[in-house]
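For reference, the chains in residue letters:
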Amino acid sequence: MRSTANHWVTTTSPMMNSQTLVGTLSKTLSLPLSLPAPSDPDGGPCRRTYCGRGRQCVLMPETGRAECVCQEKCRPSFVPVCGSDGRFYENHCEVYRTACLQRRRIYVVHSKDCFFKGNACTMSEYNKLKSTLLEMQPAAPPSGQRGRQRDMEAKRALVDTMFKYLDADGDGRLVGGELEKVGDHVEDGLLECTMQDLLRYDDYNNDGHLSLHEFYTAFQVVQLSLAEDQSISVSTVTVGLSAVLTCAIQGTLRPPIIWKRNGIVLNFLDLEDINDFGDDGSLYITKVTTIHMGNYSCHAYGYEYLHQTHVLQVNVPPVILVYPETQAQEPGVSASLHCHADGIPNPKLVWLKNGMDLLPRSSKQLSLIANGSELLIGSVRYEDTGAYTCIAKNEAGVDEDISSLFVEDSAKKTLANILWREEGIHYTPSKGLSVGNMFYVFSDEGVTALQPGECEIRRHMKRSERIVATYEEMCPKGEGVSPQRCVWSSAVNVRDKYVYASQPLQSRLLVVDIQAQKVVQAVTTDPFPVKMLYDKSHDQVWVLTWGDMDRTHPTLQVIPQASVGEVHHAIRTTFQRVNDFFIPPTNLIITHVRFAFVFLKDEPALHKIDLETFHRVKTISLRNHSCVPVSMAYTHLGGFFFVRCQSERRPRAPPQLLIDSVTDAVVGPNLDVAGQPFVSPDGRYVVTPDPRRSKLVVQTVSFRGELGLSRELDQPAAVSDLAFQPSFAESNQHAVVATSGSGADLLFADLSSGRTEVLRGLKEPLPPRAWPWGGPNRVVVSSGPFGQYLVTPSAESLFVLDGKQRTHTARCQTSREGTQCLGRRA
């Protein structure tokens, strides 16, 4: 037998209120309750005699004639009605039978007044009767439990004792005779109500007796129960569908069900996707996304100690990407085909060639690496030409994509016509930007397109090169400035079509056409544009300008339709005193972002803005946590925002704050973690260099939206910047690469295993004072989900790192004197 935990609680509201009584009356007024007279079984004269309500026909034995007399009794049924004499009657029949006996006119009154005035047993008097009965019971000994539950148990104990006392024959039922026997013990002041009124008011099934369940109801003992095996309920739903979470707490007089997420009550919030709470207390999510995953709890209003936890997991069908889409190789060389798939749970990868299964285990020619995310062909032959299909499957669905391989002589001649594609673009505001299979390097000499594999400069746009649209120099010489030099502060990739780079001293952005490898336009902005982010969902570039070096007149501007080949312009938004802003990133699963956040100078609040309308949606106050936001990060798993704070009151940096994107509510501190948060592209890892403890704190986010502490790693020095790189040994895993802001060391750390390596001797970084535009003084940039290279600058050169070969790392070093490819043992 399944065990059940029962709980009882007390309430103060009456069980049957006036509306309930009136509803009962209105439903029962037309029921005929008179019993037919059995005294004329053959019909006879009584068949032709109508006596009216409350009377019955009988045959007089002396005369044999039919006569009407008052009805001897009525059918026992409790359908309460009010009489015109102000009295309360059990049913219609009793009204008219009494009128007959008293020889006066009494009729049914369609009103509730007789329950509340006159000499009848009113609801107030009835409650007094029940209170008196409870006071007559011996007090229960203290249970030692907490307040509300202690009161609940004490009340139940009193009602149990009273029921056992009244139930003289111990059959578990209270009948009229048993109640009448104890009526004399009730004090005289309550004679308007009798023990029989317990039956009249609270015998809800009209069976003529009170069960223990009905007795609990009469005395307002709410009995709540939750089966032990239902204390935690796990639900799985596919993204885009609806979900219904039903609370398993049951019981008599159960109060309304309250739902919480991360400790925030949902019932009273105006939420877009959680906007319906069923009559049975169920929680409805109309369109589930990954932010809805996590824990939800339900409890009866006022009784939080008994609650059920619902764990919602959201499955996502795979979304696949292959690299390269097409490649041509000469016979005898190796070829790699890469496949990256995101999904929940992690997809399994299978390869086909020309529609047929590949069997790499039986072939020395083929090998699968990192759970199938890379297909390596050792020495290609002409017969290896074909279409290689990568198929990704999980519980929610399947996706596939094709990578084509051509084996032919003089393959290098055709490579220029092959489309290379790579998603997941990252940028650096100082020295480098990853676009496709190349890095764009921004230096005081101009812009350099660098191919990292061969450490080859594909294109160098000198500072004196002219802009196509205006024929101005790319980096004009300023007044009194010598020598001529380029000054950059930020750069973003726009759909692998354009690169936007900001020139703060020229108050403009340059637009580089990736295909033409030329600067095609200069977009004028407010003075000192220092930071840019690309909103891929709406094809917009957002620009933060300072106004001057002292940041006295900051503005936030937007360039719409940034990837469209036309003349671009900047639109000024209405936000003033902007200190910084944040746009959540996209990935293969999350392709649309609706909202961004703006931080105002010295204000403990986040301003949520609509990316489409540029309007403020709401303000999230952080004043209760004394947090002035400095920066943010976001994971779509469970929808957590991580806010780095600086304190209004104390010099020591406070912990990060967690904000739930479903409710926009502050959940609370993120443990005791302080510092700049970084989230991996798949949202599964949160890495924070904590400057107070010289630790790299690694937290995980599960596919159920649960945030947990994974490990703490020792960092060699104060971290300046951090980037993620896909694991080359295991699919759907990442390594983290962290640079030092004061030394020449770089840290590699595998997030799944915690194994760390330090790469030394990368020369000293740019001094912080020499980089006035905010952000890290030594950035590190990864080349996306398929790239094995990273770039990081020193004060005088740029290092290109091979992240796959860490023990013997090939290093490409560029400087003003040229480019060098170096090897160094870590």
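Residues numbered from 1 in each chain as written. Predicted model: local features only at pLDDT ≥ 70, side-chain atom pairs only at ≥ 80, totals over all residues. Heavy atoms only, no water.

**Q** Any chance you could explain the overall build of the protein chain here in plain terms?
**A** When you go through the protein chain residue by residue, the secondary structure sums to 7 helices and 57 strands. Counting across all 826 residues of the protein chain, residues that qualify as buried make up 51%. For the protein chain, contacts bridging at least 24 residues in sequence account for 51% of all contacts bridging at least 6. Here the protein chain displays about 38,700 Å² of accessible surface, and carbon together with sulfur accounts for 49% of that area. (Helix = DSSP H or I, 4+ residues; strand = E, 2+ residues; numbered from the N terminus. Buried < 20%, exposed > 50% of the residue type's maximum accessible area, 1.4 Å probe, protein only. Contact = heavy atoms within 4.5 Å. Areas by Shrake-Rupley, 256 points an atom, 1.4 Å probe, with all protein chains shown as cover.)

**Q** I tried to follow helix H3 (residues 123-135) on my own but got confused; where do I start?
**A** Each α-helix turn comprises 3.6 residues. Residues three or four places apart therefore point the same way. An ideal rise of 1.5 Å per residue puts 18 Å on 13 residues; H3 measures up with 18 Å between its terminal C-alpha atoms. Of the residues making up H3, those classed as buried are Met123, Glu125, Tyr126, Leu129, Lys130, Thr132, Leu133 and Leu134. (Expected span 1.5 Å × (residues − 1).)

**Q** Could you clarify how one ought to interpret the sheet that holds strand S42 (residues 640-647) in this entry?
**A** The strands making up a sheet associate through hydrogen bonds between their backbones, and the pairing can be parallel or antiparallel. In space, the 4 strands of this open sheet follow the order S41-S42-S43-S44, with antiparallel pairing throughout. Looking along the sheet, the strands with just one partner apiece sit at the ends: strand S41 (627-635) and strand S44 (665-669). Each strand axis lies, on average, 30 degrees off the axis of its neighbour in the sheet, ignoring direction. Pairing analysis gives 8 bridges linking S41 to S42, with the strands arranged antiparallel. By the bridge assignment, Ser631 is partnered in S42 with Arg644. (Pairing = 2+ DSSP bridges. Axes fitted to C-alpha atoms, helices over the stretch in contact; angles between N-to-C directions.)

**Q** Would you mind going over the sheet that holds strand S9 (residues 243-245) with me for this structure?
**A** Reading across the sheet, the 3 strands line up as S9-S14-S13 and stay open at both edges, with antiparallel pairing between neighbours. Both edges of this open sheet fall to S9 and strand S13 (276-277), since each of them pairs with a single strand only. Relative to strand S14 (residues 283-285), S9 runs antiparallel, the two being bridged by 3 bridges. For Leu245, the partnering residue across the bridge sits in S14 and is Leu283.

**Q** Where do I start with the pairing of strand S33 (residues 529-535) in this structure?
**A** Sheet faces and side chains relate simply in a regular strand, where the side chains alternate between the two faces. Counting buried residues along S33, 6 of its 7 residues qualify, which places the element largely inside the surrounding structure. Summarising the sheet, S33 and strand S34 (residues 540-545) pair through 6 bridges and their orientation is antiparallel. In the sheet register, Pro529 faces S34, and the bridge partner there is Thr545. From the end of S33 to the start of S34, which pair antiparallel, there are 4 residues, and Asp539 there has a positive phi angle of about 55 degrees.

**Q** I keep staring at the nonpolar core and nothing clicks. Help me out?
**A** The nonpolar side chains of a soluble globular protein tend to be buried with one another. With 56 residues, the main nonpolar core has Trp259, Tyr296, Leu606, Leu622 and Val643 as its most contacted residues. Among the elements that take part in this core, strand S16 (residues 303-323) stands out by supplying 6 residues, more than any other. Ignoring anything within four residues of it in the chain, the contact list for Leu606 reads Phe597, Val598, Phe599, Lys618, Thr619, Ile620, Leu622, Pro629, Met632, Val643 and Ile659. By size, the runner-up hydrophobic cluster in this structure holds 25 residues, among which are Tyr126, Val159, Leu198 and Phe219. (Core = buried A, V, L, I, M, F, W, Y, C linked by side-chain atoms within 4.5 Å.)

**Q** In this structure, what is going on with the state of the cysteines? I would like to understand it.
**A** In protein chemistry, a disulfide is the covalent bond that joins the sulfur atoms of two cysteines. Counted under the stated rule, the structure contains 8 disulfides. There is a disulfide in this structure between Cys46 and Cys57, and the S-S distance comes to 2.2 Å. Measuring the twist about the S-S bond at about -80 degrees, one finds the Cys46-Cys57 disulfide to be left-handed. Separated by 11 residues along the polypeptide, Cys46 in the loop between helix H1 (18-28) and strand S2 (55-59) and Cys57 in strand S2 bring together distant segments of the chain. Accessibility expressed as a relative area gives 8% for Cys57, which makes it buried. One disulfide in the model links Cys247 with Cys298; its S-S distance is 2.2 Å. (Disulfide = S-S within 2.5 Å.)

**Q** Help me out: how do you make sense of helix H2 (residues 92-102) in this one?
**A** The complete set of buried residues in H2 reads His92, Cys93, Val95, Tyr96, Thr98, Ala99 and Cys100. In the stretch just after H2, Arg103 is the one whose phi turns positive, near 55 degrees.

**Q** Sorry, what's going on with the confidence of the model for the protein chain here?
**A** Detailed reading of the predicted model is not advised wherever pLDDT is low. Averaged over every residue, the pLDDT of the protein chain is 82; the share at 70 or more is 83%. For the stretch residues 1-39, pLDDT sits under 50, and the model shows 95 contacts to residues farther than four places along the chain or on other chains. (pLDDT = per-residue confidence, 0-100.)

**Q** Would you mind going over the pairing of strand S31 (residues 508-513) with me for this structure?
**A** Within S31, 6 of the 6 residues are buried, leaving the element largely enclosed by the surrounding structure. Here S31 shows a buried face lined by Arg508, Leu510 and Val512 and a second buried face lined by Leu509, Val511 and Asp513. Pairing of strand S30 (residues 498-503) with S31 involves 6 bridges; the strand directions are antiparallel. When the sheet's bridge partners are listed, Ala501 is paired in S31 with Leu510.

**Q** Please clarify how the packing of aromatic side chains should be interpreted in this entry.
**A** The description of an aromatic ring pair rests on the distance of the ring centres and on the angle between the ring planes. Tallying each qualifying case throughout the model produces 12 aromatic pairs. Between Tyr323 and Phe786, the ring centres sit 5.4 Å apart and the planes meet at 15 degrees, which makes this aromatic pair stacked. Here Tyr323 is found in strand S16, whereas its partner Phe786 is found in the loop between strand S53 (781-782) and strand S54 (789-793), with 463 residues between them in sequence. The class of Phe786 is buried, set by a relative accessible area of 10%. When the ring of Phe442 is compared with that of Trp488, the centres are 5.2 Å apart and the planes differ by 65 degrees; the resulting orientation is edge-to-face. (Phe/Tyr/Trp six-rings, centres within 6.5 Å; stacked < 30°, edge-to-face > 60°.)

**Q** I'm lost on unusual backbone geometry in this one. Help?
**A** Glycine aside, residues mostly have negative phi, and peptide bonds are mostly found in the trans state. Here the residue pair Tyr323 and Pro324 is connected by a cis peptide bond, since its omega of -10 degrees sits within 30 degrees of zero. Cis geometry marks the peptide bond from Ile344 to Pro345; its omega dihedral reads -5 degrees. With respect to the helices and strands, the residue Pro345 is situated in the loop between strand S18 (335-344) and strand S19 (348-353). With a phi close to 50 degrees, Asn354 is a non-glycine residue in the positive phi region. By the secondary structure assignment, Asn354 is in the loop between S19 and strand S20 (356-357). One non-glycine residue with positive phi stands out, namely Gln517, at about 55 degrees. In this structure, Gln517 sits in the loop between S31 and strand S32 (518-524). According to the relative accessible area criterion, Gln517 is buried, its value standing at 11%.

**Q** Even after reading the chapter, I still don't get the side chain of Asp802, so can you show me in this structure?
**A** Of note, Asp802 is situated in strand S55 (residues 797-802). Within the structure, the side chain of Asp802 is placed 3.0 Å from the side chain of Gln788, a separation counted as a polar contact. Here the side chain of Asp802 touches Lys804 through a polar contact of 3.0 Å, landing on its backbone nitrogen. (Polar contact = N/O pair within 3.5 Å; in protein donor to acceptor, adjacent residues only side chain to side chain.)

**Q** I'm lost on the environment of Thr290 in this one. Help?
**A** Considering the arrangement of structural elements, one finds Thr290 in the loop between S14 and strand S15 (294-300). On the accessibility criterion, Thr290 (2% relative accessible area) is buried. If we skip the residues at most four places from it in the chain, Thr290 touches Val314, Val316, Ile344, Ile590, His636, Leu637 and Gly638. Polar contacts involving the side chain of Thr290 include one to the main-chain carbonyl oxygen of His636, which spans 2.9 Å.

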